[in-house]
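Residue strings, one per chain:
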Amino acid sequence: NLPASALEQLPQDFGTGIYFGWAMVDDKGPFKMVTSVGYNPYFKNETRTVEPHLLHEFAEDFYGAQIRVAITTFLRPEWNFDSVEALIACIKMDIAYADKALDISPESKGLLQ
């Protein structure tokens, strides 16, 4: 998860949901990413969070790294799920869709420059 201060950088009317775009990790990248902005209803979170998932295989963990994201596209609203398996299946579909969509419009990478 990004720190709570990341939410302060979003417009006040920025809705919850699943988005995609690009991320930089310690000024490396940009890397494709999908992010959840919201409460994660399946887990009944009471705090709004930003949870980016980078579509890149890293050789090692990057905990503590500076991460910057450029959210370019709304994918879908937040949904609740009947099971963790259904949640995982939907996450995989979100990732596949974002991966293809970002290949189609790579010019949006420049938002992080």
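What counts and how
- Residues numbered from 1 in each chain as written.
- Predicted model: local features only at pLDDT ≥ 70, side-chain atom pairs only at ≥ 80, totals over all residues.
- Heavy atoms only, no water.
- Helix = DSSP H or I, 4+ residues; strand = E, 2+ residues; numbered from the N terminus.
- Expected span 1.5 Å × (residues − 1).
- Buried < 20%, exposed > 50% of the residue type's maximum accessible area, 1.4 Å probe, protein only.
- Arc of directions from axis to C-beta.
- Contact = heavy atoms within 4.5 Å.
- Polar contact = N/O pair within 3.5 Å; in protein donor to acceptor, adjacent residues only side chain to side chain.
- Salt bridge = Lys/Arg side-chain N within 4 Å of Asp/Glu carboxyl O.

With 21 residues, helix α2 (residues 84-104) should reach 30 Å at 1.5 Å per residue; the first-to-last C-alpha distance of 31 Å fits that figure. For α2, the set of buried residues is Leu87, Cys90, Asp94, Ala98, Ala101 and Leu102. All buried residues of α2 project into a common sector of 95° when viewed along the axis, lining one side. Pointing more than 90 degrees away from the buried face of α2 are the exposed residues Glu85, Lys92, Met93, Lys100 and Asp103. The inward-facing, buried residues of α2 abut β1 (17-25), β2 (28-38) and β4 (67-76).

Here we take up the side chain of Ser36. With respect to the element layout, Ser36 can be found in strand β2. Here Asn40 takes part through its side chain, which lies 3.2 Å from a polar atom of the side chain of Ser36. In contact with Ser36, not counting residues within four places along its chain, are Gly17, Ile18, Thr49, Val50, Glu51 and Glu78.

Throughout the structure, instances matching the rule amount to four salt bridges. Its salt-bridge partner being Arg68, residue Asp27 comes within 3.8 Å of it at the nearest N-O pair. Of this pair, Asp27 sits in the loop between β1 and β2 while Arg68 sits in strand β4, and the two are 41 residues apart along the sequence. For Arg68, a relative accessible area of 32% puts it in the partly exposed group. Ionic pairing is found between Asp94 and Arg76, a salt bridge with its closest N-O pair at 2.8 Å.

Moving on, we get to the environment of Asn40. Mapped onto the elements of the fold, Asn40 is located in the loop between β2 and β3 (49-54). Counting along the chain gives 41 residues from Asn40 to Phe81, while the straight-line C-alpha distance between them is 9.9 Å. In contact with Asn40, other than residues within four places in its own chain, are Asn45, Thr49, Glu51 and Glu78. Within the local environment of Asn40, its side chain forms a polar contact with the side chain of Glu51, the two groups lying 2.7 Å apart.

In short, geometric facts, not functional conclusions.
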